[in-house]
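Residue strings, one per chain:
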Amino acid sequence: MGKGRLAILYFAYRPEKEAIRKPLLPEFGHKVNTRIYQLLQSRASDIMSPTGLPILRIDDTKQVGDSFAERMCNAIESAHAQGFDKLIIMGNDAYSMRASHVHSAMDAMKKGNSCMIPSELGGSLLIGISKNQYNREQWLDLPWCTDVLFNELFDCLASCKILTEAMPELNSKTDVHELLFQKGELTHLAVFLLAILETDLSISSFIPPFQEDSLNDGVPFRGPPYMA
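Residues numbered from 1 in each chain as written. Predicted model: local features only at pLDDT ≥ 70, side-chain atom pairs only at ≥ 80, totals over all residues. Heavy atoms only, no water.

## Focus: the overall build of the protein chain
When helices and strands are counted, the protein chain shows 9 helices and 8 strands. For the protein chain, buried positions account for 50% of its 228 residues. Taking the intrachain contacts of the protein chain between residues at least 6 apart in sequence as the baseline, contacts between residues at least 24 apart amount to 71%. For the protein chain, the accessible surface area stands at approximately 11000 Å², while carbon and sulfur atoms represent 49% of it. (Helix = DSSP H or I, 4+ residues; strand = E, 2+ residues; numbered from the N terminus. Buried < 20%, exposed > 50% of the residue type's maximum accessible area, 1.4 Å probe, protein only. Contact = heavy atoms within 4.5 Å. Areas by Shrake-Rupley, 256 points an atom, 1.4 Å probe, with all protein chains shown as cover.)

Here it is in structure tokens:
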């Protein structure tokens, strides 16, 4: 039992199920989308593991409830039942997050603060909350999976520390389009996705034509995924 201890609650579907529920690049098929989520989850593990915290992995086989809110609340309460009174809640959609952000969350919670990392889409990519700040009825009423979640959740949490400015997340093909290039240059995310696709074939289907030439300018298509 971990009474009074801090744990990471990793709340995410299995890659093969997430690829069906929310394919990021539908035209590339289930196999490629599964691979995307496998690597996103592998990256999340690389971020979480160095903290030394217990990681409670709640995938779709362990989630209980008819709605997202019910499944989230039941996962939190399951962690509390195991004796973990402080939780850092994360998913697999925060490509830009680093291990340093999780350490910042740990520091904030050790000082008695709740904490969050906002998403550019209005959600929250990381939530740090203590048991005494959690209220089931309140959390069931939150507008989960909407662009107003962060503001609503912030109002619910006492002494909430915002750990960093809003970060991008990957939830749709549109997000991929917007994040592939910044200021006309190939980003680490583009290299990451190219490595997942493991081919330069059909890359023009999701990269604007005027940017295609820059892909052949010193950037390997088969490079490893970018890791912090």
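## With respect to the side chain of Q133
As for its placement among the helices and strands, Q133 is situated in the loop between β5 (124–130) and α5 (136–140). What makes Q133 buried here is its relative accessible area of 15%. There is a polar contact of 3.1 Å between the side chain of Q133 and the backbone oxygen of A158. Ignoring sequence-local partners within four residues, the contact set of Q133 consists of G112, S114 and A158. (Polar contact = N/O pair within 3.5 Å; in protein donor to acceptor, adjacent residues only side chain to side chain.)

## A word on the nonpolar core
If you look at the biggest cluster of nonpolar residues, it comprises 26 residues, and the most contacted ones within it are I89 and W139. If you list the elements that add at least two residues to this core, you get β1 (5–11), β2 (55–58), α3 (68–81), β3 (84–90), β5 and α6 (149–156). Tallying contributions element by element places α3 first for this core, with 6 residues. Apart from residues lying up to four places away in sequence, I89 is in contact with L9, M72, I76, L125, L126, I127, I129 and W139. Judged by nonpolar contacts, the second largest core, of 23 residues, contains Y10, A105, M109 and L126. (Core = buried A, V, L, I, M, F, W, Y, C linked by side-chain atoms within 4.5 Å.)

## A few points about the pairing of β3
Burial analysis of β3 places 6 of its 7 residues in the buried class, the great majority of the element. Where β1 lies against β3, 6 bridges are found, and the strand directions are parallel. Residue pairing for β3: Y10 is matched across the bridge by M90. In terms of strand pairing, β3 meets β5 through 5 bridges, oriented antiparallel. Residue pairing across strands places K86 opposite S130, the latter belonging to β5. (Pairing = 2+ DSSP bridges.)

## Describing α3
Given 3.6 residues to a turn, an α-helix orients residues that are three or four positions apart in the same direction. The end-to-end C-alpha separation of α3 is 20 Å, in line with the 20 Å expected for 14 residues at 1.5 Å each. Within α3 the residues assigned to the buried category are A69, R71, M72, C73, A75, I76, A79 and H80. On its buried face, α3 sits against β1, β2, β3 and α5. Immediately downstream of α3, the backbone of G83 shows phi near 95°, a positive value. (Expected span 1.5 Å × (residues − 1).)

## Things to note about the pattern of salt bridges
Applying the stated rule across the entire model yields 4 salt bridges. Taking the shortest distance from any N to any O, the salt bridge between D60 and R14 comes out at 2.7 Å. Of the two residues, D60 sits in the loop between β2 and α3 while R14 sits in the loop between β1 and α1 (15–21), which places them 46 residues apart along the sequence. Using a relative accessible area of 25% as the deciding quantity, one classes R14 as partly exposed. (Salt bridge = Lys/Arg side-chain N within 4 Å of Asp/Glu carboxyl O.)

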